[in-house]
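# Structure at a glance
What follows is each chain in one-letter form.
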Amino acid sequence: MTKYSYDENEGFKAGRDVWFEMRGPAVAQAALDQAAEHEMTRDLRQFLFEHCFAAVWARPGLERSTRSIITISVLAAAGRIEELKSHIRMGLNNGLTRDQLKELFLHVGVYAGAPAAVAAVRAAMEEFAAIDKAKG
């Protein structure tokens, strides 16, 4: 039972569905429940589902893998490493390969600078190691 309930309007439901598909159901449900434990994080999750995942990620026009490439590139260039790690995993779930991510980070290095690429590669290596460990 969560402390704060969500307003499960159409936007929330559409965004939640996209996010669950990209994160995986078990990880997504745990994060959703955790966010509902605090009013501030519940409201942020509500906002993200409605305005990020429903209004942008669920739009037609670009495949999810393309949206992942854009998002990962922007996060890497901006140095938003914690969010980058999450989107690396979602990118893999959206069909990106590790080799594609390597190429993406090389490309980021040219346009956003070597430090951004180095930080992104480190983040990806951490995520790859965690994924590999979980697989056994």
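Note that the coordinates shown come from a computational prediction; the quantities given were computed from them, not determined experimentally. Residue numbers restart at each chain and count upward from 1, following the sequence in its written direction. In keeping with the model being predicted, local features are shown solely for residues with a pLDDT of at least 70 and side-chain atom pairs are shown and tallied solely at 80 or more, while totals for entire chains, interfaces and linings include all residues. Side-chain measures were taken over the full set of non-hydrogen atoms in the model, leaving aside hydrogen atoms and water.

This part takes up the packing of helix H4 (residues 64-78) against helix H6 (residues 98-112). With axes taken as lines fitted to C-alpha atoms, and helix axes fitted only over the stretch in contact, angles between N-to-C directions fall between 0 and 180 degrees. Put simply, DSSP marks the helices as runs of H or I at least four residues long and the strands as runs of E at least two long, and each gets a number from the N terminus on. Here H4 crosses H6 at 45 degrees, and the two axes come no closer than 10 Å. Relative to H6, the element H4 lies oblique. Note on packing geometry: the crossing formed by H4 with H6 is right-handed. Residue-level contacts link Ile69, Ile72, Ser73, Ala76 and Ala77 of H4 to Leu101, Leu104, Phe105, Val108 and Ala112 of H6. Of the residues assigned to the contact of H4 with H6, the class counts are nine nonpolar, one polar and no charged. Angular relationships are summarised with four words: roughly parallel below 35 degrees, roughly antiparallel beyond 145, roughly perpendicular across 65 to 115, and oblique for the angles in between. It is the rotation of the near helix from the far one that decides the hand of a crossing: anticlockwise by less than a right angle makes it left-handed, clockwise makes it right-handed. Residue contacts are defined here by distance: any two heavy atoms, one from each residue, within 4.5 Å place the two residues in contact. For this classification, the nonpolar set comprises Ala, Val, Leu, Ile, Met, Phe, Trp, Tyr, Cys and Pro, the charged set comprises Asp, Glu, Lys and Arg, and every other residue, Gly included, is treated as polar.

Let us look at helix H7 (residues 114-135). Expected helix span is given by 1.5 Å per residue-to-residue step, counting one fewer step than there are residues. Taking 1.5 Å of rise per residue, 22 residues should cover 32 Å, and H7 covers 31 Å from first to last C-alpha, within 8% of that figure. Three or more residues of H7 are buried, namely Ala116, Ala117, Ala120, Ala123, Ala124, Glu127, Phe128 and Ile131. Taken down its axis, H7 places every buried residue within 140 degrees of arc, on the same side. H7 presents Pro115, Arg122, Met125 and Lys133 as exposed residues on the side facing more than 90 degrees away from its buried surface. The inward-facing, buried residues of H7 contact H4, helix H5 (81-93) and H6. Of the residues flanking the end of H7, it is Gly136, one or two places downstream, whose phi is positive at about 95 degrees. Buried residues are those whose accessible area, probed at 1.4 Å on protein chains only, stays under 20% of the maximum for their type, while exposed residues exceed 50% and partly exposed ones sit between those limits. Working definition: the arc comes from the directions between the helix axis and the C-beta atoms, pointing outward to the latter.

Positionally, Tyr6 belongs in the segment before helix H1 (10-23). Tyr6 sits in the buried class, given a relative accessible area of 14%. If near-sequence neighbours (up to four positions away) are discounted, Tyr6 is found in contact with Phe12, Leu32, Ala35, Ala36, Arg42, Arg45 and Gln46. Looking at Tyr6, its side chain comes within polar contact range of the main-chain nitrogen of Ala36, at 3.3 Å. Here a polar contact is taken to be a pair of N or O atoms separated by no more than 3.5 Å, where protein atoms must pair a possible hydrogen donor with a possible acceptor and residues adjacent in sequence count only if both atoms sit in side chains.

Before going further, it helps to examine the side chain of Lys85. Along the polypeptide, Lys85 turns up in helix H5. Residue classification places Lys85 among the buried residues on the basis of a relative accessible area of 14%. If we skip the residues at most four places from it in the chain, Lys85 touches Ala123, Glu126 and Glu127.

Just distances and angles here, no functional claims.
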